[in-house]
Amino acid sequence: MLTETEILRLIDEDAASVKKRLARVGQAYYEGDHDIKNYQLYYYNADGELVEDKTRSNIKIAHPFFAELVDQEAQYMLSGDRGFLRSDLPELQTLLDEYFNENEDFTAELYEVITGAVAKGFEYMYAYKNRDGRLAFQCADSLGVVEVRGKDTDDQTDYVIYWYIDRVEKGQRKIKRIQVWDASQTYFYVQAEDGKLQLDDSQEVNPRPHTLYRKKDGGELYYETFGFIPFFRLDNGPKQFSGLKPIKALIDDYDLMACGLSNNLQDASEYLVVVKGFQGDSLEELMQNVKTKKHIGVAGENGGDVEFKTVNIPYEARKAKLELDETNIYRFGMGFNSNQVGDGNITNVVIKSRYALLDLKCNKLEIRLKQFLRRILKVVLQEINAERGTDYQNKDVYFRFDREVMTNAADNAQIELTDAQTQQTQINTLLSLEGSLGSELVVQNVCEVLDISYDDIKAKLPDPDEERTALRALGEVTTID
């Protein structure tokens, strides 16, 4: 078991790792905390010292493109309404719907996992038994998860340390909860700020097996273990890079250009002040009076004067740069740009082409998402088989993500009309050939066109012999009359 000193050391080393540092940057940009918020303006004073300029405007507006791109990918990935776990076995499909497809709690947690994986590069989900004694799953913030590898191997996790801030006391003192998971049980600790690590007294049993329960109120205490560490990781790529990596510089440039334009406008169209005969003590005070009081006083032997030299704002250049940055952000961020105008001919083909990059990005994520869900499915099938005495296998389940794309309603109506006209033409052609092909063959072909099972309606059709006898008798009666 890990000692308290080792636990704190592993948490500190993990927090200082490059992987977690990049993950924190991705999370910050997803929350709109961009580098522009730390942007400062400087100038050299009369003594040649570099000092911060607090007189000029320094607007700091973050443009959360990355948050939109992350939410696009997560929403689009789970946009299908038929579920993503499928089975050709009806009984198993019903169970899968209960655990996954129609379970709103699991869908919500999976959405958080995908969002975290794209924003930070990787995210975790852990398994537990709920009050009903069934497996349930919850997202775990990857910034607070530390995988402890074995000393002799790098591909096996001996422990998982999971920590999170439980509360903040008196506005300053952070209370941190720390859990150490191994293959059979969990140790619970608590730490106040950066103080000593202590066992969590709020836990009745510590260390505690993965699942602890009583069959009756006040009855004997029972426990179960998973036999493995129930944490599952979803990676955004082989190197666990955030989706921010290829577009961070573009977003920073957009923030800088947009805020620079706002600063230019705020500073009264960028003017230069030419002061003649000034005998004051401070030019900074003079400039402050210009901005706030809108007047200044000057004096000199030959009279004083103030002249404002205006400078045209490079608006068109900044606008062109902003548009170029925006285009590249969506291009290299592989997202859907809703601001695309085109030529106004918005057909389904055009709409689908605009989703091409987002589809490509989701296809890459789908491969790893299937591997992630396959590991979770293995645990769920074990529980189902143990409870029901069945022998369902992983091969009995497959994944299908039917992502939905917005469409043009008028285009859809035209397609449906064309399909209906084509279908009607096929039916009329078959009916005209009834004398040559026979009624039964014509009915079979009509069923194929209408997508109807011939076997289902065969019993409802009149017998050909009876139909001919009736027609013959009808012909005889008609002749006698």
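These numbers come from a predicted model, not from an experiment.

Chemist: How should I be thinking about the overall build of the protein in this particular structure?
Modeler: Across its full length, the protein holds 15 helices and 17 strands. Residues classed as buried in the protein amount to 34% of the 481 residues present. Taking contacts inside the protein between residues at least 6 apart in sequence as the whole, the part at least 24 apart equals 57%. For the protein, the accessible area works out to roughly 29600 Å², and carbon and sulfur atoms hold 49% of it.

Chemist: What is the right way to look at the packing of aromatic side chains in this model?
Modeler: Here a ring pair, both rings aromatic, is described through the centre-centre distance and the interplanar angle of the planes. Within the structure shown, the criterion is met by 18 aromatic pairs. Judged by centre distance (5.9 Å) and plane angle (85 degrees), the ring pair of Phe-65 and Tyr-330 falls under edge-to-face. Taken as a pair, Phe-65 in helix 3 (residues 65-77) and Tyr-330 in helix 8 (residues 315-332) lie far apart in primary sequence, 265 residues in all. Of the two residues, Phe-65 and Tyr-330, both sit in the buried class. Ring plane angle 65 degrees and centroid distance 6.0 Å describe the contact between Tyr-162 and Phe-231, whose orientation is recorded as edge-to-face. Of this pair, Tyr-162 sits in strand 7 (residues 157-169) while Phe-231 sits in strand 14 (residues 231-235), and the two are 69 residues apart along the sequence. The two residues Tyr-162 and Phe-231 agree in class, both being buried. Within the aromatic cluster, the residues linked to one another by ring pairs are Tyr-126, Tyr-128, Tyr-162, Tyr-164, Trp-181 and Phe-231. Lying across the ring of Trp-163, Lys-176 places its NZ or CZ 4.5 Å from the centre. The ring of Phe-241 carries the charged tip of Lys-245 above its face, separated from the ring centre by 4.8 Å.

Chemist: Explain the packing of helix 4 (residues 90-101) against helix 10 (residues 356-388) here, please?
Modeler: Where helix 4 meets helix 10, the axes come as close as 12 Å, and the angle between the chain directions of the two elements is 120 degrees. One element, helix 4, and the other, helix 10, form an angle in the oblique class. The crossing of helix 4 and helix 10 is right-handed. Across from Leu-92, Leu-95, Leu-96, Tyr-99 and Phe-100 in helix 4, the residues of helix 10 making contact are Ile-376, Leu-377, Val-380, Leu-381, Glu-383, Ile-384 and Arg-388. A per-class count over the contact of helix 4 with helix 10 returns ten nonpolar, no polar and two charged.

Chemist: Got a minute to help me understand the pattern of salt bridges in this structure?
Modeler: Any two side chains of opposite charge can pair, given that their charged atoms come close. Under the defined criterion, the tally for this structure stands at 23 salt bridges. Residue Arg-86 is joined to Asp-402 by a salt bridge in which the shortest nitrogen-to-oxygen separation is 2.8 Å. Of the two residues, Arg-86 is situated in strand 3 (residues 85-86) and Asp-402 in the loop between strand 17 (398-399) and helix 11 (409-432); the sequence distance between them amounts to 316 residues. Its relative accessible area of 33% is what places Asp-402 among the partly exposed residues. Ionic pairing is found between Arg-167 and Asp-166, a salt bridge with its closest N-O pair at 3.1 Å. Judged by relative accessible area, which is 37%, Arg-167 ranks as partly exposed. Since its relative accessible area comes to 35%, Asp-166 is described here as partly exposed. Through salt bridges that share partners, Glu-147, Arg-149, Arg-233 and Asp-235 make up one connected network.

Chemist: I tried to follow the sheet that holds strand 4 (residues 122-129) on my own but got confused; where do I start?
Modeler: Strand-to-strand pairing in sheets goes through backbone hydrogen bonds, with the strands running parallel or antiparallel. Read from one edge of the open sheet, three strands run 5-4-14, paired in antiparallel fashion. Each edge of the sheet is formed by a strand with only one pairing partner; in this case those strands are strand 5 (135-140) and strand 14. The mean inter-strand angle of the sheet, taken between neighbouring strand axes irrespective of direction, is 25 degrees. Bridge analysis of strand 4 against strand 14 gives five bridges, and the strand direction is antiparallel. Note on strand 14: the bridge partner recorded for Phe-122 is Asp-235. Helix-sheet contacts for helix 5 (residues 104-120) involve strand 4, strand 5 and strand 14, and the interaxial angle to strand 4 is about 155 degrees.

Chemist: So what exactly am I meant to see when it comes to the environment of Arg-374 here?
Modeler: With respect to the secondary-structure elements, Arg-374 resides in helix 10. Note on Arg-374: relative accessible area 28%, which makes it partly exposed. Remark: the alpha-carbon pair of Arg-374 and Phe-399, spanning 25 residues in sequence, is separated by 9.1 Å.

Chemist: Can you walk me through helix 5 in this structure?
Modeler: Given 3.6 residues per turn, any residue in an α-helix points the same way as the ones three and four places further on. In a regular helix each residue adds 1.5 Å, so 17 residues correspond to 24 Å; helix 5 covers 24 Å between its end C-alpha atoms and thus fits that length. Those residues of helix 5 not exposed but buried are Phe-106, Leu-110, Val-113, Ile-114, Thr-115, Gly-116, Ala-117, Val-118, Ala-119 and Lys-120. Its side-chain oxygen 3.0 Å from the backbone nitrogen of Asp-105, Asn-103 forms the N-cap of helix 5. One or two residues past the end of helix 5 sits Gly-121, with phi positive at roughly 105 degrees.

Chemist: Would you take a moment to explain helix 3 for this structure?
Modeler: Look at helix 3: 18 Å from first C-alpha to last across 13 residues, which is about the 18 Å you get at 1.5 Å a residue. Along helix 3, ten of the 13 residues are buried, which leaves the element largely enclosed by surrounding structure. Among the residues making up helix 3, those that are buried are Phe-65, Phe-66, Ala-67, Leu-69, Val-70, Gln-72, Glu-73, Ala-74, Tyr-76 and Met-77. Here the buried face of helix 3 lies against helix 2 (18-30), helix 5, helix 6 (248-266), helix 8 and helix 10.

Chemist: Just checking my understanding: could you explain the packing of helix 3 against helix 8 for this structure?
Modeler: In helix packing, the relevant descriptors are the interaxial angle and the interaxial distance, both defined with respect to the helix axes. Where helix 3 meets helix 8, the closest approach of the two axes is 11 Å, and the angle between their N-to-C directions is 30 degrees. With respect to their mutual orientation, helix 3 and helix 8 come out roughly parallel. The handedness of the crossing between helix 3 and helix 8 comes out as right-handed. Residues Phe-65, Glu-68, Leu-69 and Gln-72 of helix 3 form the contact with helix 8, whose participating residues are Glu-326, Ile-329 and Tyr-330.

So, how was this worked out
- Residue numbers here run from 1 along each chain, matching the order of that chain's written sequence.
- Confidence filtering applies because this is a predicted model: local features only for residues at pLDDT of at least 70, side-chain atom pairs given and counted only at 80 or more, and all residues used for totals across whole chains, interfaces and linings.
- Working from all heavy atoms in the structure, the side-chain values ignore hydrogens and water.
- Think of it this way: any DSSP run of H or I at least four residues long counts as a helix, any run of E at least two long counts as a strand, and we number them from the N terminus.
- Each residue is assigned to one of three classes by its accessible area relative to the maximum for its type, calculated with a 1.4 Å probe on protein chains only: buried under 20%, partly exposed between the two thresholds, exposed over 50%.
- Any pair of residues with heavy atoms lying within 4.5 Å of one another is described as a contacting pair.
- Values of accessible area rely on a 1.4 Å probe in the Shrake-Rupley scheme; residue burial ignores everything except the protein chains shown.
- Each Phe, Tyr or Trp ring (for Trp, its six-membered ring) is paired with any other whose centre lies within 6.5 Å, and the angle between the two planes then decides the class: stacked below 30 degrees, edge-to-face above 60, tilted in between.
- Ring-over charges, as used throughout, are those where CZ of Arg or NZ of Lys falls within 6 Å of the ring centre and within 35 degrees of the ring normal.
- All axes are obtained by fitting lines to C-alpha atoms, using only the stretch in contact for helices, and the reported angles, taken between N-to-C directions, cover 0 to 180 degrees.
- Reported orientations rely on four angle classes, namely roughly parallel under 35 degrees, roughly antiparallel over 145, roughly perpendicular from 65 to 115, and oblique for the rest.
- Should the near helix be turned anticlockwise from the far one by less than a right angle, the crossing is termed left-handed; should it be turned clockwise, right-handed.
- Classification used: nonpolar for Ala, Val, Leu, Ile, Met, Phe, Trp, Tyr, Cys and Pro, charged for Asp, Glu, Lys and Arg, polar for all others including Gly.
- Each salt bridge in this description consists of a side-chain nitrogen of Lys or Arg and a carboxyl oxygen of Asp or Glu lying within 4 Å of one another.
- What makes two strands pair is DSSP finding at least two bridges between them.
- The span you would expect from a helix comes to 1.5 Å times its residue count less one.
- Counted as a polar contact is a pair of N or O atoms within 3.5 Å, where, for protein atoms, one must be capable of donating a hydrogen and the other of accepting one, and residues adjacent in sequence contribute only when both atoms are in side chains.

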